[in-house]
Amino acid sequence: MTKKRKIAFLINSLSSGGAERVVTTLANSLVHTYDVHIITFINIPPFYDLDRRVKIINCFNKIDPSSNPLQALKSNYSLLRRIHGIIKENKIELLIGFMTTANVLATVIGKINSIPVIISERNNPEKQNLSKFWEISRKFTYRYADYLVVQTPIIKNYFINTVDENRLKVLPNPISSQLSSLRKRTCENENIILNVGSLTNQKAQHVLIESFAKINTPSWKLIIVGDGPRRKELTILIEQLNLVENILLVGQQKNIHEYYNKAKIFAFSSTYEGFPNALIEAMHFGLPCVSTDCPTGPAELIQDGQNGFLVPINDIKEMSFKLGSLMANPAKIKGFGEKGVLSVQQYEEKNVIKQWNKIINTLIG
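This report concerns the structure included in the present document. The structure displayed is predicted, hence computed values, not measured ones.

**Section: the nonpolar core**
Here comes step 1: Judged by nonpolar contacts, the single largest core of 31 residues is most densely connected at Leu 10, Ile 39, Phe 41, Ile 83, Ile 87, Leu 95 and Leu 148.
Here comes step 2: Mapped by element, the contributors of at least two residues to this core are β1 (6–11), β2 (35–42), β3 (55–60), α2 (69–90), α3 (100–113), β5 (117–120), β6 (147–150) and α5 (153–159).
Here comes step 3: Not counting residues within four places of it along the chain, the set of residues in contact with Leu 148 comprises Ile 119, Ser 120, Glu 121, Tyr 142, Phe 159, Val 163, Arg 167, Leu 168 and Lys 169.
Here comes step 4: Ala 27, Ile 38, Leu 171 and Ile 359 belong to the second largest nonpolar core, which has 28 residues in total.

Here it is as structure tokens:
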């Protein structure tokens, strides 16, 4: 039997975010071919189901926030040393970074250990709120990675002057086959508009809440799955609009498939994205989608008026109008849903994994 090559992902944690979902999906698939490790900065139990053959190694139980630049430098040096030790001890042959901090550290570690490195940006770099240190570090280190994986051509263009074009690869997020296996489209969907995302300024759920309030349809509910720093603010807004019975903030949910299976419409109000997992998943589950035309992702997935609706960012009036017109039109709900499923077939796990395998094989084939 041929011995499996050892690869490792490097990421902050395995919490409930989109990047964490992608790492979990890739690890679960690649473990059939490689000896897969996931190195996390901090010890948080995995939110998504992980194949038991994937080995998780935590650098530290927790990392306290730095109060000054010197402390930040010491903290990152400790992290770098710990990752270096893990790579040596486990004889890792390829390192894959996910998100900016991990990407910078992965590139440095790769050079120290003379192993190939793939790094992966998961958000829109133009919109990210990075400190000057990480901005400079990204600009300096990314050019030394063997490949930089981005999610859209627009994001590729952002890095074109920093990274050799031959090292830039556009790969979309895969739809988890685990999640896909739980898909069940029936005629029993409830009058629910669904939103999935962290409660942050980026996701702008206040726009969705105010849009829903303008429609004024007591027979419908808006369910928002996710948690984050804006929860209290959004709760107050819902109370002020007297919609506590119709708008539900249900927090993070492991059984997200149940919400996709139950809802009739998916609504997305982000101000920017990398390539939105939740939107791809909703379309895969046959949900007609109304999304902001934010950079980047939605316009690559939705052809306005064909398989969904695109509306301007922060436009409550237009979001309300498009949602209302869809809610009142069962035929359009069905048509958008069916076309959406076909639109995202290319993002199914088996198709995306082929592309990842191709890149990995060029480095440690």
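**Let's talk about the pairing of strand β12 (residues 289–292)**
Here comes step 1: Here β12 shows a buried face lined by Cys 289 and Ser 291 and a second buried face lined by Val 290 and Thr 292.
Here comes step 2: Pairing between strand β11 (residues 265–268) and β12: 3 bridges, direction parallel. From the neighbouring strand, Phe 268 faces β12, where its bridge partner is Ser 291.
Here comes step 3: Crossover handedness for the path β11 to helix α10 (residues 277–284) to β12: right-handed.
Here comes step 4: As paired strands, β12 and strand β13 (residues 308–311) are joined by 4 bridges and run parallel to one another. Following the sheet pairing, Thr 292 is matched in β13 by Val 311.

**Brief notes about a nonpolar patch on the surface**
Here comes step 1: Nonpolar side chains collect at one region of the surface, where Leu 70, Leu 73 and Phe 133 lie side by side and expose about 310 Å² of accessible area between them.
Here comes step 2: Residue placement: Leu 70 occurs in helix α2.

**Details of the packing of aromatic side chains**
Here comes step 1: Scanning all chains against the criterion turns up 12 aromatic pairs.
Here comes step 2: With a centroid separation of 5.7 Å and 35° between ring planes, the pair formed by Tyr 142 and Phe 159 is classed as tilted. Note that Tyr 142 is positioned in the loop between α4 (132–141) and β6 and Phe 159 in helix α5, a separation of 17 residues in sequence.
Here comes step 3: A residue is classified by how much of its surface remains accessible, and Phe 159, at 2% relative accessible area, is buried.
Here comes step 4: What links up through ring pairs into an aromatic cluster is the set Tyr 260, Phe 266, Phe 268 and Phe 285.
Here comes step 5: Here the basic side chain of Lys 254 rests over the ring of Phe 47, its NZ or CZ set 4.6 Å away from the ring centre.
Here comes step 6: Looking at Lys 262, its charged tip hangs above the ring of Tyr 259, at a distance of 5.5 Å from the centre.

**Some words on the side chain of Glu 121**
Here comes step 1: Examined against the element boundaries, Glu 121 turns out to sit in the loop between β5 and α4.
Here comes step 2: Engagement of the side chain of Glu 121 in a polar contact is seen with the side chain of Thr 100, the distance being 3.1 Å.
Here comes step 3: Among the polar contacts made by the side chain of Glu 121, one reaches the side chain of Tyr 142 at a distance of 2.6 Å.
Here comes step 4: Apart from the residues within four sequence positions on either side, Glu 121 is in contact with Thr 100, Asn 103, Gln 128, Arg 138, Tyr 142, Leu 148, Val 149, Val 150, Gln 151 and Phe 159.

**Here's the deal with the sheet that holds β6**
Here comes step 1: The strand order across the open sheet built from 7 strands is β3-β2-β1-β4-β5-β6-β7, with neighbouring strands paired in parallel fashion. Whereas interior strands pair on both sides, the edge strands pair on one side only; in this sheet they are β3 and β7 (168–170). Averaged over all neighbouring strand pairs, the angle between strand axes comes to 20°, with direction disregarded.
Here comes step 2: The strands touched by helix α14 (residues 349–364) are β1, β4 (94–98), β5, β6 and β7; relative to β4, the strand with the most contacts, the crossing angle is about 135°.

**Things to note about the sheet that holds β13**
Here comes step 1: Taken in spatial order, the 6 strands line up as β10-β9-β8-β11-β12-β13 in an open sheet, and their pairing is parallel. The strands lining the two open edges of the sheet, one partner per strand, are β10 (247–251) and β13. Across the sheet, the mean angle separating the axes of adjacent strands is 20° when strand polarity is ignored.
Here comes step 2: As judged from the 2 bridges shared by strand β8 (residues 192–196) and β11, these two strands associate in the parallel manner.

Reading guide: rules and limits
Counting restarts for each chain: residues are numbered from 1 in the order of the written sequence. Confidence filtering applies because this is a predicted model: local features only for residues at pLDDT of at least 70, side-chain atom pairs given and counted only at 80 or more, and all residues used for totals across whole chains, interfaces and linings. Note: side-chain values were computed over all heavy atoms of the structure, leaving out hydrogens and water. Definition of nonpolar core: a set of buried residues of the types Ala, Val, Leu, Ile, Met, Phe, Trp, Tyr and Cys, connected through side-chain atoms within 4.5 Å. The buried label applies to any residue whose accessible area, calculated with a 1.4 Å probe on protein chains only, is under 20% of its type's maximum; exposed applies above 50%, and partly exposed to all values in between. Going along the chain from the N terminus, every DSSP run of H or I of four or more residues is numbered as a helix, and every run of E of two or more is numbered as a strand. By definition, residues are in contact when any of their heavy atoms lie within 4.5 Å. Whether two strands pair comes down to DSSP finding at least two bridges between them. A clockwise path from the first strand over the helix to the second, with the strands pointing away from the viewer, defines a right-handed crossover. For patches, a residue must show more than 30% relative accessible area and have no salt bridge; joins then use 9 Å for like charges and 5 Å for nonpolar side chains, namely Val, Leu, Ile, Met, Phe, Trp and Tyr. Per-residue and other accessible areas follow the Shrake-Rupley method at a 1.4 Å probe size, with only the shown protein chains counted as cover for residues. The salt bridge criterion pairs a side-chain nitrogen of Lys or Arg with a carboxyl oxygen of Asp or Glu, the two atoms within 4 Å. Note on ring pairs: Phe, Tyr and Trp rings are taken, using the six-membered ring of Trp, and paired if centres are within 6.5 Å. Classes follow the plane angle, with under 30 degrees stacked, over 60 edge-to-face and the rest tilted. A ring is considered to have a charge above it if a Lys NZ or an Arg CZ atom is located within 6 Å of its centre and within 35 degrees of its normal. Any N or O atom pair separated by 3.5 Å or less is treated as a polar contact, with the protein-specific requirement of one donor-capable and one acceptor-capable atom, and with residues adjacent in sequence counted only for side-chain atom pairs. An axis is simply a line fitted to the C-alpha atoms; with a helix, the fit covers only the stretch in contact. Between two such axes, the angle follows the N-to-C directions and lies from 0 to 180 degrees.

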